[in-house]
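Examining the three-dimensional arrangement
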Amino acid sequence: MNPIDELRAARPAHLGDGPVDEETRRAELAHAMAQGRPARRRRNLRPVWGLSLAGAAAAVTAFAVLTAGTGGGTAPRAPSQALTQPKAGETVKLSAQEVLLVAATRAEREPATSGEFWHTETLGRTVFTAPGGYVMATEQRDEMWVSKNGLWSRSQYLGAKPATDEDRAKWAAAGSPAEIEQTVPGKGVGRLVPLAAKKPYTGHHAGKEVFWLGRNVTLADLASLPEDEEGLKAWLLEYYEGKDTEGDRPMAEDAWLFRVSAGLITDMPVSAKVRGAAFRMLAALPSVTSVGTVTDSQGRQGTAIAMETDAKANNADTTQGVLQDRLIVDDESGRALGRENVVVKPGGLQVGLEPGTVWSSTAILDAGWTDTRK
């Protein structure tokens, strides 16, 4: 069943198939969200560690337009577009809320899987502007195995290279340096970024609190998360203090919830119902937008749901610029492809980068339960 059919199936029969006004469409969407929500029941605190990421997110196709700089939700669709069957050759544009509704419904249908270790493999990529004005890209591969007894990890810096052919020409004209100096804005501290790859680094953490949901949590904590969006939101907000998860920089509640719950969706071992609740919670955030189809760092296409990090609203130092935080879902398989931070307004570490540049990304190469650890 495609996304439009799923939304239509949840639509009240008395409304028919014709165009509806905007207020009716909103009420209709709220009804659809309620229809997709499992009946409320007493929480079972027995650990259910659950669901491989391969079947976690939704198989969704959405082509909604992001209005740059608005900082708000998606633009309303005309009544004639409201959940009606598309004509031949017509492109249906879904809002972020509708995309997330379908994602939640599909996530809740996935069966649980299990294993001794929760395994993830990711590829991180970051770009920066070198002193000569050319852009360099660095990459790092990370693997992690988590059990109730701790975390084992393997990381490898894969090196740096010019981001484009034009950047390569500028790098060559600068003498093809083997190390590039990167200055930290506002601190004047420089560091040398090597082009050569390094040997893998392995580590072990014996503690049980290895995941981050606004605070350090354990596998058991993830297993007992509320399975409805209101309960999940309340649980998360107990640890919201008005600032970023990675420091003391002020951060709005919507942006904080998006950052924390997007991580929950992409690479944490939670049940299908919890993952569905996270999608529904995101759907209720007014600042979430649908970017449409994007291509990730691995050349894979997917649908991006985004939240803009506004420097003026979230950071007193406006020189830090503005970024768009994206969560990307594969349209065909329903797998989470990863996360991206896209430059909206250059500033800080993004100085010299053009708006629209993917400053940093994390591609999910593998995530799921396994009984072996390499």
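Residues numbered from 1 in each chain as written. Predicted model: local features only at pLDDT ≥ 70, side-chain atom pairs only at ≥ 80, totals over all residues. Heavy atoms only, no water.

Before going further, it helps to spend a moment on the overall build of the chain. Looking only at helices and strands, one finds nine helices and 13 strands in the chain. In the chain, which comprises 374 residues, the share counted as buried stands at 48%. Looking at the chain alone, contacts between residues at least 24 apart form 64% of all its contacts between residues at least 6 apart. Surface accessibility of the chain: about 17800 Å² in total, with carbon and sulfur atoms responsible for 51%. (Helix = DSSP H or I, 4+ residues; strand = E, 2+ residues; numbered from the N terminus. Buried < 20%, exposed > 50% of the residue type's maximum accessible area, 1.4 Å probe, protein only. Contact = heavy atoms within 4.5 Å. Areas by Shrake-Rupley, 256 points an atom, 1.4 Å probe, with all protein chains shown as cover.)

To continue, consider the pairing of strand E10 (residues 301-309). Summarising burial for E10: eight of the nine residues are buried, a large majority. Looking at chain direction, strand E9 (residues 289-295) and E10 are connected through six bridges and run antiparallel. Paired with Thr289 across the strands is Ala306, a residue of E10. Between E9 and the antiparallel strand that follows it, E10, lie five residues; Gly299 among them carries a positive phi value of about 80 degrees. Bridge analysis of E10 against strand E11 (residues 322-330) gives eight bridges, and the strand direction is antiparallel. Considered in E11, the bridge of Ala306 is made with Arg326. (Pairing = 2+ DSSP bridges.)

According to the stated counting rule, one finds four aromatic pairs in the structure shown. When the ring centre of Tyr157 is taken as origin, the NZ or CZ atom of Lys198, which lies over that ring, is 5.9 Å away. (Phe/Tyr/Trp six-rings, centres within 6.5 Å; stacked < 30°, edge-to-face > 60°. Lys NZ or Arg CZ within 6 Å of the ring centre and 35° of its normal.)

If you check helix H7 (residues 253-267), its first and last C-alpha atoms are 22 Å apart, about what 15 residues at 1.5 Å a residue would give, namely 21 Å. Taken across its 15 residues, H7 has 12 buried, putting it largely inside the fold. Every buried residue belonging to H7 is among Asp254, Ala255, Trp256, Leu257, Phe258, Val260, Ser261, Ala262, Gly263, Leu264, Ile265 and Thr266, and all of these are buried. Where the residues of H7 are buried, they touch helix H6 (229-237), helix H8 (272-283), E10, E11 and strand E12 (336-345). (Expected span 1.5 Å × (residues − 1).)

A few words now on the confidence of the model for the chain. Chain-level pLDDT for the chain is 75 on average; 70% of the residues reach the 70-or-more range. Predicted confidence is poor over residues 7-86, with pLDDT under 50, and the contacts of this stretch with residues over four places away or in other chains come to 190 contacts. Counting interchain partners and residues more than four positions distant, the pLDDT-below-50 stretch residues 311-318 has 14 contacts. (pLDDT = per-residue confidence, 0-100.)

Moving on, we come to the nonpolar core. Phe211, Leu213, Leu225 and Leu236 are the most contacted members of the largest nonpolar core, which totals 46 residues. Those elements that provide at least two residues to this core are helix H3 (96-107), strand E2 (135-147), helix H5 (219-223), H6, H7, H8, E10 and strand E13 (358-370). In terms of residue count, H7 provides more of this core than any other element does, eight residues in total. If you look at the next biggest cluster of nonpolar residues, it comprises 10 residues, including Phe128, Ala130, Trp171 and Ile180. (Core = buried A, V, L, I, M, F, W, Y, C linked by side-chain atoms within 4.5 Å.)

Before going further, it helps to spend a moment on unusual backbone geometry. Across residues other than glycine, the phi torsion is negative in most instances, and most of the peptide bonds are trans. Located in the positive-phi region is Ser176, a residue other than glycine, with phi close to 50 degrees. The residue Ser176 is located in the loop between helix H4 (165-173) and strand E4 (179-184) in this model. Its relative accessible area of 35% is what places Ser176 among the partly exposed residues.

The next thing to look at is the packing of H6 against H7. Orientation of H6 relative to H7, taken along the N-to-C sense of each, is 105 degrees, at an axis distance of 11 Å. Viewed along their axes, H6 and H7 adopt a mutual orientation that is roughly perpendicular. On the side of H6, the interface is formed by Lys233, Leu236 and Leu237, while H7 contributes Glu253, Trp256, Leu257 and Val260. (Axes fitted to C-alpha atoms, helices over the stretch in contact; angles between N-to-C directions. Parallel < 35°, antiparallel > 145°, perpendicular 65-115°, else oblique.)

As a further point, take the sheet that holds strand E3 (residues 150-162). Read across the open sheet, the nine strands follow the order E6-E3-E2-E1-E13-E12-E11-E10-E9; overall the sheet is antiparallel. Of all the strands in the sheet, the pair left with one neighbour each is strand E6 (201-205) and E9. Looking at each pair of strands side by side, their axes are set apart by 20 degrees on average, direction ignored. Packed onto the sheet, H7 meets strand E1 (117-129), E10, E11 and E12 and runs at close to 30 degrees relative to E11.

Charged atoms that come close allow side chains of opposite charge to pair. Per the stated rule, a full pass over the model turns up eight salt bridges. Across the salt bridge formed by Glu241 and Lys243, the nearest N and O atoms sit 3.6 Å from each other. When its relative accessible area of 63% is taken as the criterion, Glu241 is described as exposed. Judged by its relative accessible area of 28%, Lys243 is partly exposed. Arg339 serves as the salt-bridge partner of Asp325, at 2.8 Å between the closest nitrogen and oxygen. (Salt bridge = Lys/Arg side-chain N within 4 Å of Asp/Glu carboxyl O.)

As a further point, take the side chain of Gln324. Among the structural elements, Gln324 can be located in strand E11. Engagement of the side chain of Gln324 in a polar contact is seen with the side chain of Arg326, the distance being 2.5 Å. (Polar contact = N/O pair within 3.5 Å; in protein donor to acceptor, adjacent residues only side chain to side chain.)

Where H3 meets H8, the axes come as close as 8 Å, and the angle between the chain directions of the two elements is 170 degrees. Here H3 is positioned roughly antiparallel relative to H8, judged by the angle of their axes. Contact with H3, carried on its side by Gln97, Leu100, Leu101, Ala103, Ala104, Thr105 and Ala107, involves Ala272, Gly276, Phe279, Arg280, Leu282 and Ala283 of H8 and no other residues of that element. The residue inventory of the contact of H3 with H8, partitioned by class, reads nine nonpolar, three polar and one charged. (Nonpolar A, V, L, I, M, F, W, Y, C, P; charged D, E, K, R; others polar.)

So, about the environment of Thr266. Checked against the element boundaries, Thr266 lands in helix H7. With 98 residues separating them along the chain, Thr266 and Ile364 place their C-alpha atoms 7.9 Å apart. Side-chain polar atoms of Thr266 contact the backbone oxygen of Gly263, separated by 3.3 Å.

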